[in-house]
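# Coordinate analysis (summary)
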Amino acid sequence: MPKLLNIITSEDPSVRDTALGEACAELSLAELLEECIELDLFRREAGNLYERVRALFFLSAIHRVHLPPRLPPRRMGYIPFGGQEHLLRRRFAEAIDVFHLAVAEQGANDALSSALAEGYYELAFQTLAAQVRRSVRTVRGHQWMFRMGHPADHPLSIRDELLGPLPDGSRRILRERTPVRMDLSHAGWSDIFFLGMDYPEGARVLNVSIDLGVHGRDPEPRPPIEAHVRVIDEPVIVLTSVDLKATARIGTLGEIFDFAKDDLGLLKAAVIASGVVPPGIEGSGQGLGNLLERMVGPGRGLEVVSWVNGIPKGSRLAVSTNLLAALIGALMRATGQTGSLTGPLRENERRLVLARAILGEWLGGSGGGWQDCGGVWPGIKLITGVPAEEGDPEFNVSRGCLLPAHHVFGEDEIPESSRQALENSLVLVHGGMAQDVGPILEMVTEKYLLRSPVAWAARQEALALLEELVNSLQKGDIEALGRAATRNFRGPIQSIIPWATNLFTETLIARAEQEFGEDFWGFWMLGGMSGGGMGFIFAPERKTEAQEAMARIMEETKDQLQAALPFGMNPVVYEFSINHTGTCADLLEGGMQLPESYHRLQEPASEGGQGADRGEAESGALRRLMEESGFDHNVHEGIRASVRAGRIGMLSNRLPPTTRIEDVGADDVVDCSVVAQGGEEARRRGAEALAGGEVAVVTLAAGAGSRWTGGAGTCKALNPFAPLGGSYRTFLEVHLAKSRKTAREHGVPLPHIFTTSYLTHDPTSRFLESASNYHYDGPLFLSPGRTVGLRMVPTERDLRFAWEETPQQQLDAQQQKIRDSARAALIDWARNCGEASDYTGNLPEQCLHPMGHFYEIPNLVLNGTLRLLLEERPQLKTLLLHNVDTLGASVDPVILGRHLERGHGLTFEVITRRLADRGGGLARVDGTPRLVEGLAMPDAESEFGLSYYNSMTTWIDLDQYLALLGLTREEVLASDQDRLARAVRDLAECVPTYLTIKEVKKRWGHGQEAVYPVAQVENLWGDLTILPEANCGFFLVERQRGQQLKDPAQLDEWFAESSQYVQSLCEWE
Amino acid sequence: MIPTKAVITAASPTDHHLPLQTLVDSEGVPKTALAIILDDLFASGIGSAAVIIHPGTREAYLQAAGEHADRLTLIEQSDPRGYGHAVWSAHKFTGDDSFVLLLGDHLYLSSGESSCVRQMLEVTATHDGCISAVNPTHESELRYYGTVAATRVPASPSLFVVHDVVEKPTPTQAEQELIVPGLRAGNYLCFFGMHSLTAGVMERLEEEVSLLGRGEKLGLTPTLAFMARSEKYLAAELAGERFNVGERYGLLRAQLSLALAGPHRDEVLTDIIEITAHSRPGCQSS
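Residues numbered from 1 in each chain as written. Chains lettered and ligands numbered in written order. Predicted model: local features only at pLDDT ≥ 70, side-chain atom pairs only at ≥ 80, totals over all residues. Heavy atoms only, no water.

Bringing the overall build of chain A into the picture now. On a plain count of helices and strands, chain A comes out with 40 helices and 32 strands. Against the globule reference of 31 Å for 1069 residues, chain A gives a C-alpha radius of gyration of 30 Å, in line with a compact fold. Here the C-alpha coordinates of chain A stretch approximately 90 × 70 × 65 Å along the principal axes. A buried classification covers 61% of the 1069 residues belonging to chain A. (Helix = DSSP H or I, 4+ residues; strand = E, 2+ residues; numbered from the N terminus. Rg over C-alpha atoms; globule rule 2.2 N^0.38 Å. Buried < 20%, exposed > 50% of the residue type's maximum accessible area, 1.4 Å probe, protein only.)

Structure below.
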């Protein structure tokens, strides 16, 4: 049997748990390709779901990691567009077949391997997700809800206790109060459904139900979640989220299934998952009124209200999943689906609520782990995976069941004194960071299935540590518990996912250690990653002091890092106590009413949270910022008119359809990816230029790195993204470390310039000052932006073009439905706000935008930085320009030498294309080589015929560039602002203006946030290649040099592939 | 053993008038619902019957029973303490004998040669223990009926061994606990309103009545669930239909079924078609 297949199918755990990396190490290219064929055959035929999935992950990892280094160098490859289309439409199996056909034609190559890796990866997750969905649907007790398609068949009715009016004419309100959960350990994210269902023995979570209050705000902890249900005299369903300040009167079935239309998706999911409006009735064309008549009575409806007492989003306490469970619980009680109308639930009822909450999560397009409904149960419990047995729907499909088992520890196991001791020592906080934990969960799943040796050993260690935590609790030894929790965080958690921690968390821990010494007993991370909900354990006699101290430390650290890390809110210290009942309901009547804030919401003058307009103060701040940043009203009005008229727009970004786009030929590109003949001469020449002080580096750091924080508006350059050389390093530090090394090697200070914008200038300046410029020896400049635009509300035409005409990754059916619904709502929003009107409903920094990287070098001219440089070193001849996320870019003397030898005005570095390298590339356009932006491609397919992707790294011959601007060094030094500004404007008119749609986050309330599309216009640097007088050349460089790190989801792969290379270029202070 | 006694419950404080309503039987003769039930019982071989009635309705019931009045024992349930308590009220009448239990507000119409009561008695001739008549019922109707968890008796397509009885289950509970192999999806075995019960049921009811607190009510379901756990208990799917004359249009449906089952079928059908043809939505009666 082929070696890799044997790992998958073996009954022997020692074989089954072999790491893929180890198994591949000794295989040749031919052997590895042979193994791939066998694995592919196996994944097509295997009956066992998890074996199939594991084979898919093996294939993905082989094509991504193990095959590329073995492939023949410089074998070009083209990814067939047909395959890409299949990928976008989620037809992953078909895409893989297309890519295999291409391999048969072209031979194995890097480009096709990247495409196959993606196809297998997505197919693996699609297969897993489909199985979880199937399991959710086939749970006994759910199936009837998918059968029910007509109101006359509705089997539920509201309980009499809620129907009958009270003497004063009002009706009783059913109130469900639910604690949240904190996990003392999730044993290496073992609560991910996929893990629990494949490795039930290893799925173990220690989970505590807690009441919560905000320290200094609430008198005492209470179950933070409340769900209210009452009968109303109108045939509608009224949904209200008190925290989101959102309410909706729903009169049709369609609205209930329109999850993203408003902020009430979670309440709608609860109404559906509880069976009140069963999922089977979606699209039936029936009336909600008829359904309510059968269930509640003629002319009657239901009101559902949710409230989480201001607990912030991202608390890692599973607030939203427990809220979903509370809503479902209340609605199930109200419709007689539980034996008890009030009081705690029975065990079988809790399990049913859990199963329905999982269904609700699936319907709502989210996906918490199976421990997240922990608040439904009381006290401290061990939640474990359950092996599937005969009779279970999962039997012979997956090794484990969908639903876990809950063991609630009794007094005899964990005495009250231990629980009290935990309460007396734990300081529970929310650090304020808002992060997406999704990429981490995908990384964990993949590492588990590949049995990465480090991650696998860490998983076993985490399981042992969980037992240690339980033992400590049983003994009431909270100090030992704290130490074990810290070891869990430092050891297994970070061995599996280094990105679970960050500089903010590390600083908090270090300062707690510093201030409390031996009395700081430990740290524990709540949920999937740190920065949000966290626990700090102290000696009990110092807890009160520690609560105040942690509030202060978090505040100070946030102030220090808020430009660098995505904070959604101010840090909070909680008060908490262990909840002993789990979810519990009571009936309100008479004077007992809904939360006060609910009534305020019903007042006609109240406004929705996120829809509320900004205050006058913020409008003033925006005006001031616009003035300071050189905003040009006339230009802006001109742009607005062009956008409205369609002269600037998504469609007009494109080159005419008759444009001939072809791949470049061998002569168009100089291969610098390997040091070939003549390399030594180039090196000598480059080194000479360096030693002569003729070179400076320009790093583009004006943008927020929207993909890095999902539009949160922090400075990407300042983000301490990864531990390198023993510390968390910012992008800024890495670039300076490379320049430091180059400068020292060549014995001359190397000037380094970071371009900034209104968004990044002050934070970058402050940050560098506080870091003492990282002790950089050479001249260090910040080049502030001199051009700024005001974002606009997009036109419907451009939104539809972006969402309907541009190829997009289709999502999983339910998520796609939610995205479509959200987009329909956003189109309405754009229409209501006024197409191409100014976008001002956000923080001032989020309303403006830099006008594209075309302006970054002109800004050096306009803001005097170039003048300073030339005054400091008149011999300056060459600038190396690169993106902040191109971590491998450096002043390589060989490439510099080649650039000088060729005498190009602008030399652009390109890399061979992989599937993820989207957004244009190097092409012959009507016969002339140039860079083409993705926006400008006449159609989606053209890009797939191109071999090279633009890394954006550019060598600039200063004199030739100034000539392009029509300037001389003398004019730059003379600094006649009008002359310089005219020169920049004239050049800008020679390049196209693009309209792009960006996503910006708007935050409000307690860490709530929404993402809005905005339109902005940009001129792009690569379009200088259109101009013959720019004298452009193109160099092929190795991938590690040109790779951009745009998304935190790339971190794992980047760390494995490129971090060593980058570190070899750096010299840390 | 084939029962010769029957107990009919009609003591509901709100619905005790239902068995007194007059219908036209399948032969075209006007009769009360009670008389139609009694016709069926005595024609099937039952020797005597007791009706549990609401206090103050004795005369009306005697009159409604017509020619069967002298074979009838009327027992007043002075305090409305639940269906189980009503059944227990007949314990002196049933003594140590098994008995057939029917609902006074239900009419049973056979779709075969034998009446529903006769079909039931035929089952008791070959099987001991409690037997409940059941029929497959859609999950949307579960809120009205007791429902059984059961498995089929091999080689007896209409007989089931009952393992549990649940009163008015939710569809969720039904799906988790009450699925019967062989039934269509979403259908469960619900009570037909007719049982053949042993003296053991009365003994169990006696125990439960003795434990009944002030103001508490006693259902029959817990006792039947107990019987299912403690002794052989069968369910029989009868060839027929039950009509609850108390539900909306229940009386009309019962009447139509009776009329269509007799010699005047064509006449009634013609009338239905004519009424249908001339009717318009929203027409008001004058």
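From this point on, the discussion continues.
Right, let's get into the overall build of chain B. Assigned secondary structure in chain B consists of ten helices and 13 strands. Its C-alpha atoms give chain B a radius of gyration of 19 Å, near enough to 19 Å, the size a compact globule of 286 residues would have. Counting only C-alpha atoms, chain B reaches 55 × 45 × 40 Å along its principal axes. Looking at the 286 residues of chain B, the share that counts as buried comes to 51%. Carbon and sulfur atoms form 53% of the exposed surface of chain B, whose accessible area is close to 13400 Å². Averaging the positions of the 21 positive and the 35 negative side-chain charges in chain B gives two centres separated by 4 Å. (Areas by Shrake-Rupley, 256 points an atom, 1.4 Å probe, with all protein chains shown as cover. Lys, Arg positive; Asp, Glu negative; His and termini not counted. Charge placed at Lys NZ, Arg CZ, Asp CG, Glu CD.)

Further remarks concern unusual backbone geometry. All names here are of chain A. Residues other than glycine seldom take positive phi values, yet Arg90 does so here, at roughly 65°. Summarising the element assignment, Arg90 is placed in the loop between helix H6 (81-88) and helix H7 (92-106). If you check the backbone angles, Ser975 has positive phi at about 60° while not being a glycine. What makes Ser975 partly exposed here is its relative accessible area of 25%.

An α-helix turns once per 3.6 residues; consequently, residues spaced three or four apart project the same way. Between its terminal C-alpha atoms helix H8 (residues 110-138) of chain A stretches 42 Å, which fits the 42 Å expected from 29 residues at 1.5 Å a residue. One side-chain oxygen of the residue at the start of H8 of chain A lies 3.2 Å from the amide nitrogen of Ala111 of chain A, identifying that residue as Asn109 of chain A. (Expected span 1.5 Å × (residues − 1). Polar contact = N/O pair within 3.5 Å; in protein donor to acceptor, adjacent residues only side chain to side chain.)

Turning our eyes to something else, we now look at the side chain of Ser140 of chain B. By the element assignment, Ser140 of chain B lies in the loop between strand S8 (130-138) and strand S9 (146-153). In terms of polar contacts, Ser140 of chain B uses its side chain to reach the side chain of His138 of chain B, at 2.7 Å. In this view, Ser140 of chain B contacts Ala152, Asp153, His154, Pro155 and Arg294 of chain A; residues no more than four positions away in its chain are not counted. (Contact = heavy atoms within 4.5 Å.)

Here we take up the packing of aromatic side chains. Residue and element names in this part refer to chain A. Evaluation of the coordinates by the stated rule reveals 25 aromatic pairs over all chains. With 5.1 Å between their ring centres and 65° between their planes, Phe523 and Phe536 make a pair best called edge-to-face. One end of the pair, Phe523, is in strand S12 (residues 520-525); the other, Phe536, is in strand S13 (residues 533-538), and 13 residues separate them in sequence. Since its relative accessible area comes to 1%, Phe523 is described here as buried. (Phe/Tyr/Trp six-rings, centres within 6.5 Å; stacked < 30°, edge-to-face > 60°.)

Glancing now at the pattern of salt bridges. Residue and element names in this part refer to chain A. Here the structure, examined in full by the defined rule, presents 74 salt bridges over all chains. With a shortest N-O distance of 3.9 Å, Asp183 and Arg181 are connected by a salt bridge. The same class applies to Asp183 and to Arg181, which are both buried. Taken together, the shared-partner salt bridges connect Arg175, Arg177, Arg222, Glu226 and Asp586 into one network. (Salt bridge = Lys/Arg side-chain N within 4 Å of Asp/Glu carboxyl O.)

A few words now on the sheet that holds strand S5 (residues 237-241) of chain A. All names here are of chain A. An order of S6-S5-S7-S4-S1-S15-S8 is seen for the seven strands of this open sheet, with the pairing classed as mixed. Among the strands making up the open sheet, the edge pair consists of strand S6 (246-250) and strand S8 (343-344). Here strand S1 (residues 173-178) runs beside strand S15 (residues 584-588); their pairing, made up of five bridges, is antiparallel. The residue bridging Glu176 from the neighbouring strand is Ala585, located in S15. Where helix H13 (residues 265-273) meets the sheet, it contacts S5, S6 and strand S7 (301-307), and its direction lies at approximately 135° from that of S5. (Pairing = 2+ DSSP bridges. Axes fitted to C-alpha atoms, helices over the stretch in contact; angles between N-to-C directions.)

Residues and elements named next belong to chain B. Where helix H7 (residues 199-211) meets helix H8 (residues 221-230), the closest approach of the two axes is 10 Å, and the angle between their N-to-C directions is 125°. The pairing of H7 with H8 is recorded here as oblique in orientation. For the pair H7 and H8, the sense of crossing is right-handed. Contacts between H7 and H8 pair Gly200, Val201, Arg204, Leu205 and Glu208 from the former with Pro222, Thr223, Phe226 and Met227 from the latter. (Parallel < 35°, antiparallel > 145°, perpendicular 65-115°, else oblique. Left-handed = near helix turned anticlockwise from the far one by under 90°.)

With that settled, the discussion passes to the domain arrangement of chain A. In many reports, interface size means the accessible area that the parts give up when they come together. What the domain assignment lists for chain A is domain 1 (3-138), domain 2 (154-172 + 225-307 + 319-367) and domain 3 (630-810 + 842-957 + 1023-1065). The C-alpha-based centres of domain 1 of chain A and domain 2 of chain A are spaced at 43 Å. (Domains from an automatic or database assignment.)

Counting residues at the interface gives 18 residues for chain A, matched by 14 residues for chain B. Between chain A and chain B we count three salt bridges in total. The partner of Glu141 of chain B in a salt bridge is Arg294 of chain A, with the nearest N and O atoms 4.0 Å apart. Summed over the shared surface of chain A and chain B, the number is 13 residue pairs in polar contact (both at pLDDT 80 or more). Elements with a minimum of two residues in the side of chain A that touches chain B: helix H9 (143-147) and helix H16 (347-363) of chain A. It is H9 of chain A that provides the largest number of residues to the side of chain A that touches chain B, a total of three residues. Broken down by class, the residue content of the side of chain A that touches chain B amounts to six nonpolar, seven polar and five charged. (Nonpolar A, V, L, I, M, F, W, Y, C, P; charged D, E, K, R; others polar.)

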